Amino acid sequence: MTHADPDAVRDYYERIDAEEYEAVFALFADDVTYERTGQRLDGMAEFREFYLDDRPLEDGDHEIHRVVADGDTVAVRGRFTGTQDGEEVAFGFADFHRFDDEGDIAERWTYTDRDEV
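Residues numbered from 1 in each chain as written. Predicted model: local features only at pLDDT ≥ 70, side-chain atom pairs only at ≥ 80, totals over all residues. Heavy atoms only, no water.

(A) Fine view of the side chain of D95. As for its placement among the helices and strands, D95 is situated in strand β5 (residues 87-99). A polar contact is formed between the side chain of D95 and the side chain of R108, at a distance of 3.0 Å. The contacts of D95, once residues within four sequence positions are left out, are Y13, V74, A75, V76, R108, W109, T110 and Y111. (Helix = DSSP H or I, 4+ residues; strand = E, 2+ residues; numbered from the N terminus. Polar contact = N/O pair within 3.5 Å; in protein donor to acceptor, adjacent residues only side chain to side chain. Contact = heavy atoms within 4.5 Å.)

(B) Examining the sheet that holds strand β1 (residues 28-36) more closely. In space, the six strands of this open sheet follow the order β2-β1-β6-β5-β4-β3, with mixed pairing throughout. Looking at which strands have only one partner, the edges of the open sheet turn out to be β2 (39-42) and β3 (57-70). Averaged over all neighbouring strand pairs, the angle between strand axes comes to 20 degrees, with direction disregarded. (Pairing = 2+ DSSP bridges. Axes fitted to C-alpha atoms, helices over the stretch in contact; angles between N-to-C directions.)

(C) Expanded view of the pattern of salt bridges. Within the structure shown, the criterion is met by seven salt bridges. Put simply, R98 and D72 hold a salt bridge, and the shortest N to O gap is 3.8 Å. With R98 in strand β5 and D72 in the loop between β3 and β4 (73-84), the pair connects residues that are 26 residues apart, well separated along the chain. On the basis of relative accessibility, which here comes to 24%, the residue R98 falls in the partly exposed class. Between D95 and R108 there is a salt bridge; the shortest N-O distance is 3.0 Å. Remark: R108 occurs in strand β6 (residues 105-112) and D95 occurs in strand β5; sequence separation between them is 13 residues. Summarising the burial analysis for this pair, D95 and R108 share the class buried. One connected set of salt bridges, linked through shared partners, spans E35, R40 and D42. (Salt bridge = Lys/Arg side-chain N within 4 Å of Asp/Glu carboxyl O. Buried < 20%, exposed > 50% of the residue type's maximum accessible area, 1.4 Å probe, protein only.)

(D) Representation of the nonpolar core within the structure. In terms of nonpolar packing, the biggest core is built from 27 residues, with Y12, F25, F28, F47, Y51 and F99 touching the most fellow members. Contributing elements (two or more residues each) for this core: α1 (6-17), α2 (21-25), β1, α3 (43-54), β4 and β5. Among the elements that take part in this core, α1 stands out by supplying five residues, more than any other. Not counting residues up to four positions away in its chain, the partners in contact with F99 are T2, H3, A4, D5, A8, V9, D72, V74, D104, I105 and A106. (Core = buried A, V, L, I, M, F, W, Y, C linked by side-chain atoms within 4.5 Å.)

Here's what the structure looks like:
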């Protein structure tokens, strides 16, 4: 049975904020899917391209308010502050990370209190 790993999810946010992308990619399965408002990424190639070339957010920090693990999924609620398209932004988010049998994050979903991120 697959178990969620809250520490791996906390590591994800720390590594994203530090722009340590190779360490981020190591947390995810090769066949990862990532859904966010208006966008779905399928597989590591699209996931890597998004974070290395297409991610609209930069120079930011995630403040984690709550982490809850249940079965194979970790849910996170928090706040992001940073830059998007050259402007300062701040918004709440809820993320869900589902782990596979190998202990990698296989699916990720992001919801925000903004129309687009």
